[in-house]
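# Architecture and fold: a report
Listed below, chain by chain, are the residues.
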Amino acid sequence: MNAPQVLIVEDDAALRGALCQTMEFGGYHVLKARNGKDALAVMDRETVDIVISDVQMDEMDGTELLQVVRRREPTMPFVMMTAFGSVEHAVQSMRDGATDYLQKPFEANVLLDMVSRMESQLPTPSSAMVAEDAATQQIVDLALRVALTDASVLISGESGTGKEVLARAVHEGSERSDGPFVALNCAAIPENMLEAILFGYEKGAFTGAHKARPGKFEQANGGTLLLDEITEMPIELQAKLLRVLQEREVERLGSAGLIDLDVRVIATTNRVLTEEVAAGRFREDLFYRLNVFPLELPPLRSRRDDIEPLVQRFLVNHGQDRALAVTDSAIQKLLSHPWHGNIRELDNCIQRAVILANGNEIGPAEIVFDTLHELSAGDAPAAPALDGDLKARERELIFSALRTVKGSRKKACARLGISERTLRYKLARFREEGFALPEGIA
């Protein structure tokens, strides 16, 4: 599964930043809020898997937040941070439904270990891949055939087409299905942390390494390691990855010992990898090592017969036990849409429709499409002020996406079809150029 999204709720800006940095170092996706009220707003627009909250905050404190979260998500892991020596707060938090608590101050590795334990208890999403369309069936058939071998697999396709779901299907169809399936999004981890997270490190290997930690390769031993968005990996690290794949052994940072590996590697990319090789951004030898068996997942607009069964699945996911039906005219509207954002865009669309539906029926009026892709496809005229300036056009598309998703970088990336690292770079560039970013960027 993808790394969980952890929400940090802390009113002290410095401590909040340190906690976010710790969780990012551990390979987690991080969201942040300065109090309970802000946290609920984040949860309204983002998927949150684990909450880590302080107790005492203005507007809405941690205890009130816990009560609301428990009404919404009775089983969501919730860690309460209490002041040093405040045993009564810790006890009361557990009575109110907190999963665990931490007394300040605490070491970074204590927090990471606690979250790691909670991660193993999170429900795993259904890995069954919708494959009603003939094009999808053909790809799934190939995937299940290669699953019986131990060959490396490279899955390509546009963002949001379901590449990780297909990778999991390969794992579950293999003799490694009883072993771990470990996924690492190469675009979601800062470059200076990626090597440590991938290969692991020993205590004292660098500042902040208070405890030895196994890397993703070790965690996947006996199973499958998914390297998602492999093209986002720095070229220097690609050489080290190649050596691990060739030698089938890994060396933790700060260690002279080698650890034998029995790991199958599956890589995914939303880019044309041969073009990345030609441009010098991806090593040719690593390409051939990963591309033993290539699978290309078609975009959703090329597999129309998958749309209706996907709609039914999303209705179950988002319907909150409501018996919702989609009218034939609404289905036709969905089938006629180009779906530039693929399955992610369809998921967002159905989630909106469920919210908009007053009764138990979803009609065409409840089907509201994203506007960003229509703009990028040329369905709306360019603003005259752009005057053909491609940089200005790019900036406006990015800002429009962020405004549409109320500042969520993750959702904006899904709509734009770019990585989170690319978005961070572009936003930093816009700041340097003096442009004010849209309000509410997470």
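Look a little higher up for the structure.
Bear in mind the structure is a predicted one, so any value in this text is a computation, not a measurement. (Residues numbered from 1 in each chain as written. Predicted model: local features only at pLDDT ≥ 70, side-chain atom pairs only at ≥ 80, totals over all residues. Heavy atoms only, no water.)

## Overview of the overall build of the protein
Check the secondary structure of the protein and you find 19 helices and 16 strands. Here the C-alpha atoms of the protein give a radius of gyration of 23 Å, agreeing with the 22 Å that 2.2 N^0.38 yields for 442 residues. By residue count, 50% of the 442 residues in the protein fall in the buried class. Taking all contacts inside the protein whose residues are at least 6 apart in sequence as the whole, residues at least 24 apart take part in 70%. (Helix = DSSP H or I, 4+ residues; strand = E, 2+ residues; numbered from the N terminus. Rg over C-alpha atoms; globule rule 2.2 N^0.38 Å. Buried < 20%, exposed > 50% of the residue type's maximum accessible area, 1.4 Å probe, protein only. Contact = heavy atoms within 4.5 Å.)

## Remarks on the sheet that holds strand S7 (residues 181-185)
Reading across the sheet, the 5 strands line up as S7-S10-S13-S6-S14 and stay open at both edges, with parallel pairing between neighbours. Sheet topology places S7 and strand S14 (293-296) at the edges, where each strand pairs with a single neighbour. Sheet twist, expressed as the mean angle between neighbouring strand axes with direction ignored, is 20°. Contacting strand S6 (153-156), strand S13 (264-269) and S14, helix H6 (residues 134-147) runs over the sheet at an angle of about 155° to S14. (Pairing = 2+ DSSP bridges. Axes fitted to C-alpha atoms, helices over the stretch in contact; angles between N-to-C directions.)

## A closer look at helix H7 (residues 163-172)
Most of H7 sits inside the fold, with 8 of its 10 residues counted as buried. Restricting attention to buried positions, one finds in H7 the residues Lys163, Glu164, Leu166, Ala167, Arg168, Ala169, Val170 and His171. Along its buried surface, H7 packs onto H6, S6, S7, strand S10 (224-228), S13 and S14.

## Concerning H6
Look at H6: 20 Å from first C-alpha to last across 14 residues, which is about the 20 Å you get at 1.5 Å a residue. When we look at burial in H6, the residues that qualify are Thr136, Ile139, Val140, Ala143, Val146 and Ala147. All buried residues of H6 fall inside an arc of 125° around its axis, so they share one side. Along H6, the residues that are exposed and aim more than 90 degrees away from the buried face are Ala134, Gln138 and Arg145. On the buried face of H6, the contacting elements are S6, H7, S13 and S14. (Expected span 1.5 Å × (residues − 1). Arc of directions from axis to C-beta.)

## Some remarks on the packing of aromatic side chains
Evaluation of the coordinates by the stated rule reveals 6 aromatic pairs. Through a chain of ring-to-ring contacts, three or more aromatic side chains come together here, namely Phe25, Tyr201 and Phe206. (Phe/Tyr/Trp six-rings, centres within 6.5 Å; stacked < 30°, edge-to-face > 60°.)

## Thoughts on unusual backbone geometry
The linkage connecting Lys104 with the following residue, Pro105, adopts the cis geometry, with an omega of -10°. As for its placement among the helices and strands, Pro105 is situated in the loop between strand S5 (100-103) and helix H5 (108-119). Residue Trp339 is not a glycine yet carries a positive backbone phi of 55°. By secondary structure assignment, the location of Trp339 is in the loop between helix H14 (328-335) and helix H15 (342-356). Of note in the backbone geometry, Lys406 takes a positive phi value of approximately 55° without being a glycine. Position of Lys406 relative to the elements: it lies in the loop between helix H17 (390-404) and helix H18 (409-416). The exposure class of Lys406 is exposed, given its relative accessible area of 61%.

## Examining the sheet that holds strand S1 (residues 5-9)
With respect to topology, 5 strands assemble into an open sheet ordered S2-S1-S3-S4-S5, the strand pairing being parallel. In this open sheet, the two strands that pair with only one neighbour each are strand S2 (29-33) and S5. Taking the axes of each pair of neighbouring strands and ignoring which way they run, one obtains an average angle of 20° across the sheet. Pairing geometry for strand S4 (residues 78-82) and S5, over 4 bridges, is parallel. Across the sheet, the residue bridging to Met81 is Leu102, located in S5.

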